[in-house]
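Geometric and topological summary
Okay, here's what each chain looks like letter by letter:
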Amino acid sequence: MEPLDSTADADWLLARVGSWATVGGVAGTGFEAYARILHPVQAWQDDPAEGGRGHGRLSETRWPWAEVARRNQRTMHPLVQWFSLTDDEERRDFADGWHVGQSETGQLAADLLAALTVPLGRHTATPDDITAGVWHGWGDLHVDGGGFLLLFSEDVAPEERERERVRAEAAWREERRRSVSPAVQQMVEHGPFLAGPGREFMPFHTSLGELADPEWVTRAGLAGVMPQLLWPADHRWVVASEIDWDSTIVAGARTLVDEILASDVWESFEVHETSDLTWDGDVINPRPPGRG
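Here's what I pulled together on the structure shown here.

Rules used throughout
- Residues numbered from 1 in each chain as written.
- Predicted model: local features only at pLDDT ≥ 70, side-chain atom pairs only at ≥ 80, totals over all residues.
- Heavy atoms only, no water.
- Helix = DSSP H or I, 4+ residues; strand = E, 2+ residues; numbered from the N terminus.
- Buried < 20%, exposed > 50% of the residue type's maximum accessible area, 1.4 Å probe, protein only.
- Polar contact = N/O pair within 3.5 Å; in protein donor to acceptor, adjacent residues only side chain to side chain.
- Contact = heavy atoms within 4.5 Å.
- Core = buried A, V, L, I, M, F, W, Y, C linked by side-chain atoms within 4.5 Å.
- 1 Å grid on protein atoms, 1.4 Å probe; cavity = no way out; pocket = protein on both sides within 12 Å on 5 of 7 lines; lining within 4 Å.
- Points joined across faces, edges and corners; volume = space filled by probe spheres on them.
- Nonpolar A, V, L, I, M, F, W, Y, C, P; charged D, E, K, R; others polar.
- Pairing = 2+ DSSP bridges.
- Phe/Tyr/Trp six-rings, centres within 6.5 Å; stacked < 30°, edge-to-face > 60°.
- Lys NZ or Arg CZ within 6 Å of the ring centre and 35° of its normal.
- Arc of directions from axis to C-beta.

What follows deals with the side chain of histidine 99. Its location among the elements puts histidine 99 in strand S6 (residues 98-100). Its relative accessible area of 10% is what places histidine 99 among the buried residues. Reaching out from histidine 99, the side chain makes a polar contact with the side chain of aspartate 46 at a distance of 3.1 Å. With near-sequence residues (within four places) excluded, histidine 99 lies in contact with Gln42, Ala43, Trp44, Asp46, Arg91, Arg92 and Asp93.

This is how it looks when you write it as structure tokens:
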């Protein structure tokens, strides 16, 4: 993943951006077909003998949204929204000891992106020439920004609290600096920035070969942040993860989308470039309390 010094590679995509909060507003308009890949959620089961105290965890896995829909008697469909499945943004607890966390927004897991490089590679002549866009707003990329919180018991003397706070904050900031490469720090501070609708992205050059190894993210100097945009030099497809959505859009040829939809690697649905993927887009399931 190498930083680019220009955003010119994105001009073609920006010219195809559709309406805000629609599929085409994120992945561009005019493609033959669009697939929506739902981001799986973390699920874990506690040992009932521990009384739900968080100890003795029996297992951890990832669940598709369909499992939560089944348990909550909700309906899966192309525009389903996580909040409509759970009535909540936070974790959901079930009587059999299983729990699910909040769905992941803004990025597709590295292993699922790695699997996606296989069909993507079959639908481009330039697999070694891929542009990636990383949202500039990720807090982990701003090594000198953000807040720091350290909790103390009431019996710790004020001067000791302050010494420990200073020490811990220094260690925390040093760890953040190590996780973000100098080249990325330079980009965060000075750009260039790809100005999409309501978002700014930093441009990088990569390849499908690099992304096919899920461990690339530990070597990229991006503090574990995944790209929000990907496209090849021949513009045959776009992969887009809007930061406020818990799904990723793949726009491209009919055959590419059909291959994704037919696979059980991803939980996916076909959508249209005008589809609304905001909370209001789910008109089938009950609206969560307090949302109208």
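Having seen it, we continue.
Core analysis: the biggest nonpolar cluster contains 39 residues, and Leu116, Leu141, Phe204 and Leu222 have the highest contact counts within it. Of all the elements in the fold, those that place two or more residues in this core are strand S2 (33-38), helix H5 (110-121), strand S7 (130-135), helix H7 (182-190), strand S9 (199-206), helix H8 (208-211), helix H9 (216-219) and helix H10 (254-262). Not counting residues within four places of it along the chain, the set of residues in contact with phenylalanine 204 comprises Met1, Glu2, Pro3, Leu4, Ile130, Thr131, Ala132, Val134, Val184, Met187 and Leu222. Leu13, Phe31, Leu229 and Ala240 belong to the second largest nonpolar core, which has 19 residues in total.

As a further point, take the side chain of histidine 39. One can find histidine 39 in the loop between S2 and strand S3 (41-46). On the accessibility criterion, histidine 39 (1% relative accessible area) is buried. Of note is the side chain of histidine 39, whose polar atom sits 2.8 Å from the backbone oxygen of glutamate 104. With near-sequence residues (within four places) excluded, histidine 39 lies in contact with Trp65, Glu104, Gly106, Gln107, Leu108, Trp245, Asp246, Ser247 and Thr248.

Before going further, it helps to examine empty space enclosed by the protein. The full count for this structure, using the stated rule, is three cavities of 30 Å³ or more. There is about 190 Å³ of room inside the largest cavity. Going through the elements one at a time, helix H1 (11-14), helix H2 (23-27), strand S8 (194-196) and S9 are the ones with two or more residues in the lining of the largest cavity. When residues in the lining of the largest cavity are grouped by element, the largest group, three residues, is from H2. Residue composition of the lining of the largest cavity, by class: 13 nonpolar, five polar and two charged. Put simply, the second largest cavity is a space of about 70 Å³. As for the second largest cavity, its lining consists of Leu108, Leu113, Met226, Pro227, Gln228, Leu229, Leu230, Val239, Ala240, Ser241 and Thr248. Looking at the lining of the second largest cavity, the elements with two or more residues in it are strand S10 (229-232) and strand S11 (238-240). The residue inventory of the lining of the second largest cavity, partitioned by class, reads eight nonpolar, three polar and no charged.

Further remarks concern the sheet that holds strand S5 (residues 92-93). Strand order across the open sheet formed by four strands is S4-S3-S6-S5, with antiparallel pairing between neighbours. Two strands lie at the open edges of the sheet, namely strand S4 (57-63) and S5, each paired on one side alone.

Let us look at the packing of aromatic side chains. Pairs of aromatic rings are described using the distance from one ring centre to the other and the angle between the two planes. For the structure on display, the rule yields eight aromatic pairs. Here the aromatic rings of tryptophan 63 and tryptophan 98 are separated by 5.2 Å at their centres, their planes lie at 35 degrees, and the arrangement is tilted. Linking tryptophan 63 in strand S4 with tryptophan 98 in strand S6, this pair joins segments that are 35 residues apart in sequence. Among the aromatic residues, those joined into a ring-pair cluster are Trp12, Phe31, Tyr34 and Trp231. Residue placement shows arginine 16 over the ring face of phenylalanine 31; its charged tip is 4.3 Å from the ring centre. Sitting over the ring of phenylalanine 94, arginine 71 keeps its end group 5.0 Å from the ring centre.

Another aspect to go through is H7. Turning to H7, its buried residues are Val184, Met187 and Val188. Across the axial projection of H7, the buried residues extend over an arc of 100 degrees, all falling on one side. Those residues of H7 that are exposed and aimed more than 90 degrees away from the buried face are Pro182, Glu189 and His190. Along its buried surface, H7 packs onto strand S1 (2-3) and S9. Within two residues after H7, glycine 191 carries a phi angle of roughly 80 degrees, on the positive side.

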